[in-house]
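Spelled out from the first residue to the last, the chains are:
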Amino acid sequence: MARENPRDIKICGLKTDEALAAALDNGASHVGFIFFAKSPRNITPADAGRLRQAARGRAKAVAVTVDADNAFLDEIVAAMAPDMLQLHGSESPERVAEVKARYGLPVMKALSLREAGDLAALAPYRGVADRFLFDAKPPKGSELPGGNGVSFDWRILTSLGADLDYMLSGGLNAGNVGEALSIANPPGLDISSGVESAPGVKDVRLIAAFFETVRSAKAKNAA
């Protein structure tokens, strides 16, 4: 029997009580908080720690960092108590293993894709990262490793084995997520800019519309 996907949906880059409530009320399995100064979704560890309290028992809180050093990770983990760490920079497999051992938390490693050959970067992280996030390579000139609102060719993911646990990210929105599910059938979805009215500003209506589209697509695929 085919696996019913997506099992998980993560709303990332949350900064307000209103947006977090919308994510939780619509059934998000994961909520993400971004700690990267150049991002319009950047949040302080203290603010993330306050917000994530509402997610306890409802969704997993994910701390998203980009090549963060141990001192910054220590601060984040102490203030926020995340359920998972997402490493969205150029962290090596050795660094992923080090972070896992230091904090005793599952780690999701983000990899940037554009074409089938980019999937070769996955191999060294297998058995090290607990989960993967596949994002589109950033457009030329962007200082952000993710959250750029661009997608990649989802067809390249069809070669992955059903045992690989990952989230699909990059340019998703209510208008294209049905196609993404039809093509790639990913275990999880991650969305940030696709539910924003402006960079870093989550829109509760867009969040609700995204979940409704996913539910409709799943019902259609199950029929």
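Residues numbered from 1 in each chain as written. Predicted model: local features only at pLDDT ≥ 70, side-chain atom pairs only at ≥ 80, totals over all residues. Heavy atoms only, no water.

A. Structural detail: the overall build of the protein. Along the protein, the regular secondary structure elements total 6 helices and 10 strands. For 223 residues, the compact-globule formula gives about 17 Å, and the C-alpha radius of gyration of the protein, at 16 Å, lands near that figure. Oriented by its inertia axes, the alpha-carbon framework of the protein measures out at about 50 × 40 × 40 Å. Here the protein holds 223 residues, and 51% of them are scored as buried. In the protein, of all internal contacts separated by at least 6 residues, the share reaching a separation of at least 24 is 57%. If you sum the accessible surface of the protein, you get close to 9,800 Å²; carbon and sulfur atoms cover 51% of it. (Helix = DSSP H or I, 4+ residues; strand = E, 2+ residues; numbered from the N terminus. Rg over C-alpha atoms; globule rule 2.2 N^0.38 Å. Buried < 20%, exposed > 50% of the residue type's maximum accessible area, 1.4 Å probe, protein only. Contact = heavy atoms within 4.5 Å. Areas by Shrake-Rupley, 256 points an atom, 1.4 Å probe, with all protein chains shown as cover.)

B. Summary view of the side chain of R52. Mapped onto the elements of the fold, R52 is located in the loop between helix 2 (45-51) and strand 3 (60-65). A polar atom in the side chain of R52 sits 3.0 Å from the backbone oxygen of M80. Not counting the four nearest positions on each side in its chain, R52 is found in contact with F33, A61, M80, A81, P82 and D83. (Polar contact = N/O pair within 3.5 Å; in protein donor to acceptor, adjacent residues only side chain to side chain.)

C. Layout of the nonpolar core. Formed by 62 residues in total, the largest nonpolar core has its most connected members in V31, F33, F134 and L157. Once residues within four sequence positions are removed from consideration, F134 is found in contact with L111, L113, L122, F152, L157, L160, L164, Y166, M167, L168 and S169. Formed by 11 residues, the second largest nonpolar core is a distinct cluster that contains V62, V64, M108 and L133. (Core = buried A, V, L, I, M, F, W, Y, C linked by side-chain atoms within 4.5 Å.)

D. Summary view of the packing of aromatic side chains. One pass over the full model with this rule turns up 4 aromatic pairs. Ring geometry for F132 versus F134: centroids 6.3 Å apart, planes at 15°, classification stacked. Ring centres of F134 and Y166 lie 5.0 Å apart, and the angle between their planes is 40°; this geometry places the pair in the tilted category. In this pair, F134 sits in strand 6 (residues 131-136) while Y166 sits in strand 7 (residues 166-168), placing the two residues 32 residues apart along the sequence. F134 sits in the buried class, given a relative accessible area of 0%. Through pairs of rings, three or more aromatic residues link up here, namely F132, F134 and Y166. (Phe/Tyr/Trp six-rings, centres within 6.5 Å; stacked < 30°, edge-to-face > 60°.)

E. Quick peek at helix 1 (residues 17-25). Looking at helix 1, one finds that the buried residues are A19, L20, A22, A23 and L24. Where helix 1 terminates, the next one or two residues include G27, which has phi positive at roughly 100°.

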